[in-house]
Amino acid sequence: MRLIESQGLTKIYKREGRWFSSSANEAMPAVDRVSLHVEKGETLGLVGESGSGKSTLARLLLGLEKATEGRLLFRGEDMTRWGFRRLRNIRGRMQMVFQNSYSSFDPLFTVEKIVGEPLSNYGNITARERRRIVLESLDMVGLGAAYAGRYPHELSGGQLQRVNIARALVLQPELLVCDEPFSSLDFKLRRQILTLLEELKRRLGLSYLFITHDLSAVSRFCDRVAVMYRGQIVETLPGARIAEETLHPYTRSLLDAVPVQDPRLRRSKTGRPPGEPALLRGDNIIRGCRFCSRCPAAMPVCYTVEPALERKRPSHQAACHLYAHEAEGKPNLPNC
Ligand SMILES: Nc1ncnc2c1ncn2[C@@H]1O[C@H](COP(=O)(O)OP(=O)(O)O)[C@@H](O)[C@H]1O
Ligand SMILES: [Mg+2]
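Residues numbered from 1 in each chain as written. Chains lettered and ligands numbered in written order. Predicted model: local features only at pLDDT ≥ 70, side-chain atom pairs only at ≥ 80, totals over all residues. Heavy atoms only, no water.

What to know about the overall build of the chain
Spelled out, the test is: Per the convention used, a helix needs a DSSP run of H or I reaching at least four residues, while a strand needs a run of E reaching at least two, with both numbered from the N terminus. Only protein chains enter the area calculation, which uses a 1.4 Å probe; residues under 20% of their type maximum are buried, those over 50% are exposed, and those in between are partly exposed. Whether two residues touch is decided by their heavy atoms; if any such pair falls within 4.5 Å, the residues are in contact.
Along the backbone of the chain there are nine helices and 12 strands. Across the 336 residues that make up the chain, the buried fraction comes to 49%. Expressed as a percentage of contacts within the chain between residues at least 6 apart in sequence, the contacts between residues at least 24 apart total 64%.

If you want it as structure tokens, here you go:
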């Protein structure tokens with residue numbers, strides 16, 4: 001069952017402070033006609049370079065921002081038609097775990113107050129009940145009751161991230177959106193948090209939207225992965241197969257840019273795919289594929305026709321002209 005689904009979701013931020021430019025009133029889509037869903041119990045990974053629109057898409061899905069266009073469905077029902085109360089209740093069922101733990105906490109609040117904060121917005125519960133829920137949440141993330149009275153500055157990075165997750169759990173969500181949950185953690189702590197998330201998924205039947213740069217975490221942890229480039233989803237496939245079976249040249253370039261231990265093997269020193277990002281549709285330059293100016297396998301058609309996100313193999317969609325024949329069962333693929 002589809003827990004949450006977007007259809008043609010678009011977010012356009014108006015440009016500001018560009019009075020002298022001919023494109024002063026032009027708008028650039030941060031999220032551009034995205035149709036994506038998360039199944040109940042699924043972990044969906046979302047990857048892509050910085051600025052590709054991942055966080056914006058997450059905020060739209062959670063209703064923290066309003067879409068410019070498109071529809072959002074929760075369990076198949078169109079949320080755009082819902083009233084305030086119903087929306088508020090549903091929002092409690094979908095929670096965000098933010099990337100930067102320390103700065104997202106009020107330094108004057110104790111862990112108990114931080115974790116219990118979301119409860120204040122939902123219904124009237126007694127202080128006793130509230131404390132019970134908070135302690136239960138802390139226990140679920142491996143922090144005992146002793147942590148309840150501590151302040152953020154007394155905690156390590158890994159403990160703060162656990163507090164962050166505990167806070168997201170108090171409303172008993174069905175979906176947790178983790179926006180780069182590892183960005184401030186070292187390798188060992190990443191493993192620990194990943195293991196914790198896996199355990200919570202098993203115990204609570206959670207679904208995850210998991211935004212990350214860590215492609216090895218994607219292959220281990222995600223049932224499915226969606227690759228985002230310049231506001232659009234360009235590929236979706238099972239997470240475990242991302243390294244071997246990716247079709248889209250952009251996903252391939254992300255894999256090639258993964259930093260490796262030996263610097264001589266590193267293809268891109270910056271950890272980004274080589275080449276300059278192409279200009280956006282809002283700039284009236286590109287009619288074809290967004291990635292064509294950086295793509296090592298671009299063909300003339302790529303500059304003129306936008307490729308649609310299509311099923312190329314079972315459980316595998318890609319938006320790329322290179323694979324037009326694949327869907328028809330002709331296996332002669334260019335090697336890219
Ligand atoms: N509140 C905002 N106002 C204007 N532009 C924004 C805002 N939030 C994001 N953007 C722009 O939208 C694009 C996507 O950003 P974001 O969703 O943060 O990408 P990611 O999370 O993949 O790094 C970027 O070009 C960014 O500058
Ligand atoms: Mg982001």
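Focus on the site of ligand 1
The criterion, for reference: Being near a molecule or strand, for a residue, comes down to having at least one heavy atom within 4 Å of it. Identification of polar contacts relies on pairs of N or O atoms within 3.5 Å, with a donor-acceptor requirement for protein atoms, meaning one able to donate a hydrogen and the other able to accept it, and with residues adjacent in sequence counted only if both atoms are side-chain atoms. Computed with the Shrake-Rupley method and a 1.4 Å probe, the accessible areas treat only the protein chains shown as cover for residues. In the scheme used here, Gly and all other residues not listed as nonpolar or charged are polar, with Ala, Val, Leu, Ile, Met, Phe, Trp, Tyr, Cys and Pro taken as nonpolar and Asp, Glu, Lys and Arg as charged.
Near ligand 1 the following residues occur: Tyr13, Ala30, Glu49, Ser50, Gly51, Ser52, Gly53, Lys54, Ser55, Thr56 and Arg59. Gly53 places a main-chain nitrogen or oxygen 3.0 Å from an oxygen atom of ligand 1. Lys54 is positioned such that a nitrogen or oxygen atom in its side chain is 2.8 Å from an oxygen atom of ligand 1. In isolation ligand 1 has 560 Å² of accessible area, and contact with the protein removes 59% of it. Considering each element in turn, the shell around ligand 1 owes the most residues, four residues, to helix α1 (residues 54-61). The residue makeup of the shell around ligand 1, split by class, is two nonpolar, six polar and three charged.

Some points on helix α4 (residues 127-140)
Let me state the cut-off plainly: Take the number of residues in a helix, subtract one, and multiply by 1.5 Å to get its expected span. Summarising the geometry, the arc corresponds to the directions from the helix axis toward the C-beta atoms.
Here α4 contains 14 residues, and its C-alpha end-to-end distance of 20 Å stays within 8% of the 20 Å for a straight helix at 1.5 Å per residue. Buried residues of α4: Ile133, Val134, Ser137, Leu138 and Met140, and no others. Taken around the axis of α4, the buried residues stretch over an arc of 160°, which confines them to a single face. Opposite the buried face of α4, by more than 90 degrees, sit the exposed residues Arg128 and Asp139. Those residues of α4 hidden inside the fold are in contact with α3 (111-120), α5 (157-169) and α6 (187-204). Looking at the residues trailing α4, positive phi occurs at Gly142, about 85°.

Some details on unusual backbone geometry
Despite not being glycine, Arg75 has its phi angle at roughly 45°, a positive value. The exposure class assigned to Arg75 is partly exposed, which follows from its relative accessible area of 36%. Positive phi is not limited to glycine here, since Glu180 has a value of about 45°. Residue placement: Glu180 occurs in the loop between β7 (175-179) and α6.

Looking at the packing of α3 against α5
Counted only if it meets this: Orientation is described by lines fitted to C-alpha atoms, with helices fitted over the stretch in contact, and by angles between N-to-C directions that extend from 0 to 180 degrees. Left-handed describes a crossing in which the near helix is turned anticlockwise from the far one by less than a right angle; the clockwise case is right-handed.
α5 packs onto α3 with a crossing angle of 35° between their chain directions and a minimal axis gap of 7 Å. Relative to α5, the crossing made by α3 is right-handed. Residues Val111, Ile114, Val115, Glu117 and Pro118 of α3 lie in contact with α5, whose contacting residues are Val163, Ala166 and Arg167.

Focus: the packing of aromatic side chains
The following threshold applies: Aromatic pairing here means that ring centres of Phe, Tyr or Trp (its six-membered ring) are within 6.5 Å. Orientation follows from the plane angle: under 30 degrees is stacked, over 60 is edge-to-face, and everything else is tilted.
What the rule picks out here adds up to six aromatic pairs. With a centroid separation of 4.8 Å and an interplanar angle of 70°, the aromatic rings of Phe210 and Phe221 are classed as edge-to-face. Taken together, the residues Phe210 in strand β8 (residues 207-211) and Phe221 in helix α7 (residues 215-221) connect sequence positions 11 residues apart. Its relative accessible area of 0% is what places Phe210 among the buried residues. Owing to a relative accessible area of 6%, Phe221 belongs among the buried residues under this scheme.

Examining the pattern of salt bridges
Convention followed: A pairing counts as a salt bridge when a side-chain nitrogen of Lys or Arg comes within 4 Å of a carboxyl oxygen of Asp or Glu.
In the structure shown here, the tally under the stated rule is 23 salt bridges. A salt bridge links Arg93 to Glu174; the shortest N-O distance between them is 3.5 Å. Within this pair, whereas Arg93 is found in the loop between α2 (84-92) and β6 (94-97), its partner Glu174 is found in the loop between α5 and β7, the two being separated by 81 residues in sequence. Residue Arg93 is classed as partly exposed on the basis of its relative accessible area of 31%. Residue class for Glu174 comes out buried when judged on its relative accessible area of 9%. Between Arg167 and Glu117 there is a salt bridge whose closest N-O contact spans 3.8 Å. With Arg167 in helix α5 and Glu117 in helix α3, this pair connects stretches of sequence that are 50 residues apart. Among the charged side chains, a network of salt bridges with common partners joins Asp32, Arg33, Arg290 and Glu306.

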